[in-house]
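# Architecture at a glance
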Amino acid sequence: MGRIDQGLLDILACPESKVPLVQVGDWLYSTDPETRRRYPIRDGIPIMLIEEAETVSAEEFERIMGEAQR
């Protein structure tokens, strides 16, 4: 697992909701509570395709957003 460069993370956005993303592990999570999408990072490359995204449960979304604020 590698961290995405902060400069790149600052310009990336969820392709569905256009909101900022946060990285947790090998995933980039949309900060939109309506869509709750997460996008995989493979070999250090963010895969920003809606077809590759997963929708997480409301509980997981809340947990991840809580972790991201630390």
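Not measured: the values here are computed from a predicted model.

What follows covers the nonpolar core. In terms of nonpolar packing, the biggest core is built from ten residues, these being Ile4, Leu9, Leu12, Cys14, Leu21, Leu28, Tyr39, Ile41, Met48 and Ala53. Sequence-distant contacts of Cys14, defined by excluding residues within four places in its chain, comprise Val19, Leu21, Ser30 and Tyr39. Of all hydrophobic cores here, the second largest spans seven residues; its members include Tyr29, Val56, Phe61 and Met65.

Our next topic: the pairing of strand β1 (residues 21-24). Of the two faces of β1, the one lined by Leu21 and Gln23 and the one lined by Val22 and Val24 are each fully buried. In this sheet, strand β2 (residues 27-30) lies alongside β1 in antiparallel orientation, the contact comprising four bridges. Each residue of the ladder has a partner; that of Val22, found in β2, is Tyr29. Between β1 and β2, which pair antiparallel in sequence order, lie two residues; one of them, Gly25, sits at a positive phi of approximately 65°.

What follows covers the side chain of Ser30. Relative to the helices and strands, Ser30 resides in strand β2. Ser30 sits in the buried class, given a relative accessible area of 0%. Polar side-chain contacts of Ser30 include one of 3.2 Å to the backbone nitrogen of Asp32. Residues contacting Ser30, with those up to four places away along its chain left out, are Cys14, Ser17, Val19, Pro20, Leu21, Thr35, Arg37, Phe61 and Met65.

All told, the structure shown has six salt bridges when counted by the stated rule. Linking Arg38 and Glu54 is a salt bridge whose minimum nitrogen-to-oxygen distance equals 2.7 Å. In this pair, Arg38 sits in strand β3 (residues 37-42) while Glu54 sits in strand β5 (residues 54-55), placing the two residues 16 residues apart along the sequence. Arg63 serves as the salt-bridge partner of Glu60, at 3.8 Å between the closest nitrogen and oxygen. Here Glu60 pairs with Arg63, and both are found in helix α2 (residues 58-68), just three residues apart, close to one helical turn. What you see here is one network of salt bridges that share partners, running through Arg38, Glu54, Glu60, Arg63 and Glu67.

This part covers the packing of aromatic side chains. According to the stated counting rule, one finds zero aromatic pairs in the structure shown. Sitting over the ring of Trp27, Arg38 keeps its end group 3.7 Å from the ring centre.

Parameters at a glance
Residues numbered from 1 in each chain as written. Predicted model: local features only at pLDDT ≥ 70, side-chain atom pairs only at ≥ 80, totals over all residues. Heavy atoms only, no water. Core = buried A, V, L, I, M, F, W, Y, C linked by side-chain atoms within 4.5 Å. Buried < 20%, exposed > 50% of the residue type's maximum accessible area, 1.4 Å probe, protein only. Contact = heavy atoms within 4.5 Å. Helix = DSSP H or I, 4+ residues; strand = E, 2+ residues; numbered from the N terminus. Pairing = 2+ DSSP bridges. Polar contact = N/O pair within 3.5 Å; in protein donor to acceptor, adjacent residues only side chain to side chain. Salt bridge = Lys/Arg side-chain N within 4 Å of Asp/Glu carboxyl O. Phe/Tyr/Trp six-rings, centres within 6.5 Å; stacked < 30°, edge-to-face > 60°. Lys NZ or Arg CZ within 6 Å of the ring centre and 35° of its normal.

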